[in-house]
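Listed below are the residues making up each chain.
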Amino acid sequence: MKNTRIISLFLAFLFLFSGFFVIAGATSDDPAVTSGCHSVDAAMTLSTEEKLTDTAKAVVLYELNSDTMLYTYNPDGKIYPTSMVKLMTALVAIENGELDDMVTVTRSVLNQVPIGIVGIDLKAGEEISLRDLLYATMVASATDASVVAAAHVGGSVEGFLQMMNDKAAQLGCQNTHYGNVHGLHDEQTYTTARDIARITEAALENEIFHEMFCTVEYTMAETNKHEQRTIITSNNMMNPQKAKYYDKRITGGRTGATDQGGRCLTLTAQQDGMNILCVLMGATPTMAANGSVEVYGSFEESKVMVDYAFANFQFRQVFYHGQSLAQYSVANGASHVVTQAASSVSTIMPSQVDESQLKWVYVAANDTITAPVEKGQKLGTAQVWYGVKCLAETDMVAMNGVQLYQPPVIPEKPEAQSGSWLTLLLVLAGLVVLVFLGMIALRALRIMQYQRRRKRRSRRR
């Protein structure tokens, strides 16, 4: 107990005289502050930049490992999604269909496929697996494959559309509506960059979707109407054969383009422990004199965003499991309690930030901590703030147990007994008498000795 008190006093001294730590009992109720930038719904970002791209109408730059919103531009503006629609088409089909089902392509379904689209040349009567249809949808952006897959899983294209809109609502997409399953221009098909980030983040948790999203090349099985077909990703930034755009940091992606929606690209990129999700929508391409695309806009501006992310942000560990934090007095406790971090936490922060710019805030769960306190008991949360942005937090737990204070037991004095003073006086009187008698006896003995000595002298004479 004595050692615990010494440690508590030492830590209290350390915390009081360190400008690095701040102890607080409450924080703002504003979700944008309490959540900081750690949510796809974050109202603030780590970046302070206003616009980093030339033509894109909306951008979201999000770090998936830490759920950190790094940068946004017009994240909630209404955007035509182009083939970003196929992200939801594939996700709903994967979740509700059997990938090994063999699908027979019908003329009535092919009649619902727009003319002049990118496709895999599906034919009426062709038998093809749902798996191959979805790979074609995700990798090659095949519109005919998306329509056939939707009709099979949903019973009809209309039924599947309802499933897509229901899924969007389930994921919290308040500004997204689907009027078709492929993304060709439709006034009833719209979304936002934030909703695309929300959908992609959720979809990437599905292993099958993740695999399709990250596939560069896929060979489809032979069918009764076609020999094997090899499809290549439409995301040039993933394809080593597209040297002009290839970037080895890019791990997955989905492209889209319409005249009304511009050039869109959703991609993931990894480097130095960071996993970036970049949603860039509505970029304007530059066309060459011969009608070919000279500058896509989506690839070039997405590279700007990826470069910006890896150059300006980094992972840092801010809490260590068992790290000493704050100490608190304990009502009715035998000692103070010292708290420690319940877990190790790493987070994303701007690369140029040093520790002097960070603030540690300790938020007790209750205004008063009352004994007994068990070792490991949660007593609040510890947070790291950068300005008005909460970068990370962890539970504060008791480093030491605190027992109820037990006051020392003092033995009661015995009650005075009647006659005790009289007894004491008698004893004292007896001692006086004994001393007096002893003195008399001693004097008598000396007189006798004196008389004997006188007799002896008289005889000698």
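A brief report on the enclosed structure follows. (Residues numbered from 1 in each chain as written. Predicted model: local features only at pLDDT ≥ 70, side-chain atom pairs only at ≥ 80, totals over all residues. Heavy atoms only, no water.)

### Quick notes on the overall build of the protein
Rule in force here: For the purposes of this entry, the term helix denotes a DSSP run of H or I that reaches at least four residues, the term strand denotes a run of E that reaches at least two, and both are numbered from the N terminus. We call a residue buried when its accessible area falls under 20% of the maximum for its residue type, exposed when it is over 50%, and partly exposed in between, using a 1.4 Å probe and counting protein chains only. Contact criterion: two residues are considered in contact whenever any of their non-hydrogen atoms come within 4.5 Å of each other. Exposure was quantified through the Shrake-Rupley algorithm and a 1.4 Å probe, taking into account, for residues, occlusion by the shown protein chains and nothing else.
From N to C terminus, the protein includes 11 helices and 19 strands. The burial tally for the protein puts 46% of its 461 residues in the buried class. Long-range contacts, defined as pairs at least 24 residues apart, comprise 66% of the intrachain contacts of the protein with a sequence gap of at least 6. Entry remark: accessible area of the protein is about 24,300 Å², with carbon and sulfur atoms responsible for 52%.

### Points about the packing of helix α3 (residues 85-96) against helix α7 (residues 157-170)
Short version of the rule: An axis is simply a line fitted to the C-alpha atoms; with a helix, the fit covers only the stretch in contact. Between two such axes, the angle follows the N-to-C directions and lies from 0 to 180 degrees. Each angle gets one of four labels, with under 35 degrees taken as roughly parallel, over 145 as roughly antiparallel, 65 to 115 as roughly perpendicular, and the rest as oblique. When residues are sorted by character, Ala, Val, Leu, Ile, Met, Phe, Trp, Tyr, Cys and Pro go into the nonpolar class, Asp, Glu, Lys and Arg into the charged class, and all the rest, Gly among them, into the polar class.
α7 packs onto α3 with a crossing angle of 100° between their chain directions and a minimal axis gap of 10 Å. Between α3 and α7, the angle falls in the class roughly perpendicular. Contact with α3, carried on its side by Val85, Met88, Thr89, Leu91, Val92, Ala93, Glu95 and Asn96, involves Phe160, Met163, Met164, Lys167 and Ala168 of α7 and no other residues of that element. A breakdown of the residues in the contact of α3 with α7 according to their chemical character gives nine nonpolar, two polar and two charged.

### Regarding the nonpolar core
Keep this limit in mind: Take the buried Ala, Val, Leu, Ile, Met, Phe, Trp, Tyr and Cys residues and link them wherever side-chain atoms come within 4.5 Å; each set so joined is a nonpolar core.
In terms of nonpolar packing, the biggest core is built from 67 residues, with Met88, Ile120, Met164 and Phe209 touching the most fellow members. The element contributing the most residues to this core is α3, with eight residues. Apart from residues no more than four positions distant in its own chain, Ile120 is found in contact with Ile128, Ala136, Ala142, Asp144, Ala145, Met220, His226, Arg229 and Ile231.

### What to know about a nonpolar patch on the surface
We count it as follows: Each patch is assembled from residues with relative accessible area greater than 30% and no salt bridge, linking like charges that lie within 9 Å and nonpolar side chains (Val, Leu, Ile, Met, Phe, Trp, Tyr) that lie within 5 Å. Salt bridge, as applied in this entry: a Lys or Arg side-chain nitrogen positioned within 4 Å of an Asp or Glu carboxyl oxygen.
Taken together, Trp421, Leu424, Leu425, Val427, Leu428, Leu431 and Leu434 make up a surface patch of nonpolar side chains, about 770 Å² in accessible area. Turning to its location among the elements, Trp421 is positioned in helix α11 (residues 420-460).

### Considering the pattern of salt bridges
Enumeration over the complete set of coordinates arrives at 11 salt bridges. Among the salt bridges present, the one from Arg194 reaches Asp76, with a minimum N-O distance of 2.7 Å. You can see Arg194 sitting in helix α8 (residues 193-203) and its partner Asp76 sitting in the loop between β3 (68-73) and α3, a full 118 residues away along the chain. For Asp76, a relative accessible area of 43% puts it in the partly exposed group. Between Asp247 and Arg249 there is a salt bridge whose closest N-O contact spans 2.7 Å. One network of salt bridges, with partners in common, ties together Asp247, Arg249, Lys303 and Asp307.

### Some thoughts on α8
Extensive coverage of α8 is indicated by the burial of 10 of its 11 residues. On its buried side, α8 packs onto β2 (58-63), β3, α3, α9 (207-213), β9 (262-271) and β10 (274-283).

### Some remarks on the packing of aromatic side chains
Put simply, the rule reads: In this scheme Phe, Tyr and Trp rings, the latter by its six-membered ring, pair at centre separations within 6.5 Å, and the angle between planes marks the pair as stacked below 30 degrees, edge-to-face above 60, and tilted otherwise. Lysine and arginine charges are scored as sitting over a ring when NZ or CZ, respectively, is within 6 Å of the ring centre and within 35 degrees of the ring normal.
In this structure the tally under the stated criterion is seven aromatic pairs. With a centroid separation of 6.3 Å and an interplanar angle of 65°, the aromatic rings of Tyr71 and Tyr308 are classed as edge-to-face. Of the two residues, Tyr71 is situated in strand β3 and Tyr308 in helix α10 (residues 298-312); the sequence distance between them amounts to 237 residues. On the basis of relative accessible area, Tyr71 is assigned to the buried category, the value being 0%. Ring pairing ties together the aromatic residues Tyr71, Tyr308 and Phe313, which thus form one cluster. Sitting over the ring of Tyr73, Lys51 keeps its end group 4.7 Å from the ring centre. Stacked on the ring of Tyr190, the Lys or Arg Lys78 has its end atom at 4.6 Å from the ring centre.

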